[in-house]
Structure formats: C-alpha cells, structure tokens
Amino acid sequence: MDHPGTQMRASDRERQATVRALRGQMSDGRLSELTFVRRLDMALVDMCIDHISVSRRHAVLTHLDGAWVLSDLGSRNGTWVNGWRLPGPAPIEVGDLVELGSRRFVVVDRPHLQIVDS
C-alpha cells in the first residue's frame, strides 16, 4: 500500500527509457550537455527523503576505488559526517553518522551486497 510522500524506485527499464529519451533530446540539439547530465543525474536517483530539511538533490554517495565517498550538492542545510559539515567530498566508513539536513543515518556494513563498478 502506498502512503502519501512515499517515493518508489524506478525500474531499470524505466531508467533506460529515460536515458534514451534524454540522449535523443541532446542529439537533436534540444538539450545542452550540462542539462543532459543534470537531468540524467535526477533520473537515476535511488533514494528520496521526504523531509523539509532535505533538498531534492541534497547529496551524492559514490563508490570509488573500493571506498564510499559522500559529497554535498550545495544543499541549504548541509551534509554532515560525525558532526562535521562537509566542505567537499569525504570518505565514509561503517559506524559513521551521516546527517542530511535534520535526518540522521548510521553507515552499516552489508557484506552480502556486492558493489559492481562500471
């Protein structure tokens, strides 16, 4: 059952269709490369936090060279790790406290999940 404010993750098929549509608009000259990249980023969002203190595009978490890196995207209320506001990209580890606006999360280890770098 859906609840108000609940966000659903897009299926891979929906994501692929969105990427194809955006590529078509860019090749037709209807989108600049910058706009294409921004819209592509928005289309591939995996998590939505429905809270007034969290921006629509608040932060990005990437997996680089075997480590997780968290970056604030210019949000109004900031992205914090272990009580420190992020001035730029920062590595995060198991046990770190991550705050997006006033929402708090603890980084946990999920050894059964496999990260595949593309």
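Residues numbered from 1 in each chain as written. Predicted model: local features only at pLDDT ≥ 70, side-chain atom pairs only at ≥ 80, totals over all residues. Heavy atoms only, no water.

Draft legend 1. The arrangement of the overall build of the protein in detail. Regarding its fold elements, the protein presents 2 helices and 7 strands. In the protein, the order of α-helices and β-strands from amino to carboxyl end is α-α-β-β-β-β-β-β-β. Out of the 118 residues belonging to the protein, those deemed buried represent 21%. About 9300 Å² of surface is accessible on the protein, with carbon and sulfur atoms providing 52% of the total. (Helix = DSSP H or I, 4+ residues; strand = E, 2+ residues; numbered from the N terminus. Buried < 20%, exposed > 50% of the residue type's maximum accessible area, 1.4 Å probe, protein only. Areas by Shrake-Rupley, 256 points an atom, 1.4 Å probe, with all protein chains shown as cover.)

Draft legend 2. Expanded view of the sheet that holds strand β5 (residues 90-92). Sheet architecture is open: 3 strands sit in the order β1-β2-β5, paired in antiparallel fashion. Sheet topology places β1 (59-64) and β5 at the edges, where each strand pairs with a single neighbour. Taken pair by pair, the neighbouring strands of this sheet meet at an average axis angle of 35°, ignoring direction. Where β1 meets strand β2 (residues 67-72), 6 bridges bridge the pair, whose relative direction is antiparallel. Across the sheet, the residue bridging to Thr-62 is Val-69, located in β2. (Pairing = 2+ DSSP bridges. Axes fitted to C-alpha atoms, helices over the stretch in contact; angles between N-to-C directions.)

Draft legend 3. Seen up close, the pattern of salt bridges. Taken as a whole and assessed by the stated rule, the structure comprises 1 salt bridge. Across the salt bridge formed by Arg-104 and Glu-99, the nearest N and O atoms sit 3.4 Å from each other. Under the relative-accessibility criterion, Glu-99 is labelled buried at 14%. (Salt bridge = Lys/Arg side-chain N within 4 Å of Asp/Glu carboxyl O.)

Draft legend 4. Region of interest: the sheet that holds strand β3 (residues 79-81). The 4 strands are arranged β4-β3-β6-β7 in an open sheet whose pairing can be described as antiparallel. Lying at the two open borders of the sheet, with one neighbouring strand each, are β4 (84-85) and β7 (103-106).

Draft legend 5. Seen up close, the side chain of His-58. With respect to the helices and strands, His-58 occurs in the loop between α2 (33-43) and β1. A distance of 3.2 Å separates the side chain of His-58 from the side chain of Ser-75, its partner in a polar contact. Not counting residues within four places of it along the chain, the set of residues in contact with His-58 comprises Ser-53, Asp-72, Leu-73, Ser-75, Gly-78, Thr-79, Leu-100 and Gly-101. (Polar contact = N/O pair within 3.5 Å; in protein donor to acceptor, adjacent residues only side chain to side chain. Contact = heavy atoms within 4.5 Å.)

Draft legend 6. View of the confidence of the model for the protein. With 70% of its residues at a pLDDT of 70 or more, the protein shows a mean pLDDT of 76. Across the protein, element-level confidence peaks in β4 with a mean pLDDT of 96 and bottoms out in α2 with 66. Note that residues 1-9 has pLDDT below 50 and, in this model, 5 contacts with residues that lie over four places away or in other chains. Within the model, the stretch residues 113-118 combines pLDDT values under 50 with 3 contacts to residues more than four positions away or in other chains. (pLDDT = per-residue confidence, 0-100.)

Draft legend 7. Representation of the nonpolar core. In this structure, Ile-49, Val-54, Leu-70, Val-81, Leu-86, Ala-90, Ile-92, Val-98 and Leu-100 together form the largest nonpolar core, which totals 9 residues. In this structure, Val-98 is in contact with Leu-70, Trp-80, Val-81, Ile-92, Arg-103, Arg-104, Phe-105 and Val-107, ignoring residues within four places of it in sequence. (Core = buried A, V, L, I, M, F, W, Y, C linked by side-chain atoms within 4.5 Å.)

Draft legend 8. Focus on unusual backbone geometry. Despite not being glycine, Asn-82 shows a phi value in the positive range, around 50°. Within the secondary structure, Asn-82 sits in the loop between β3 and β4.

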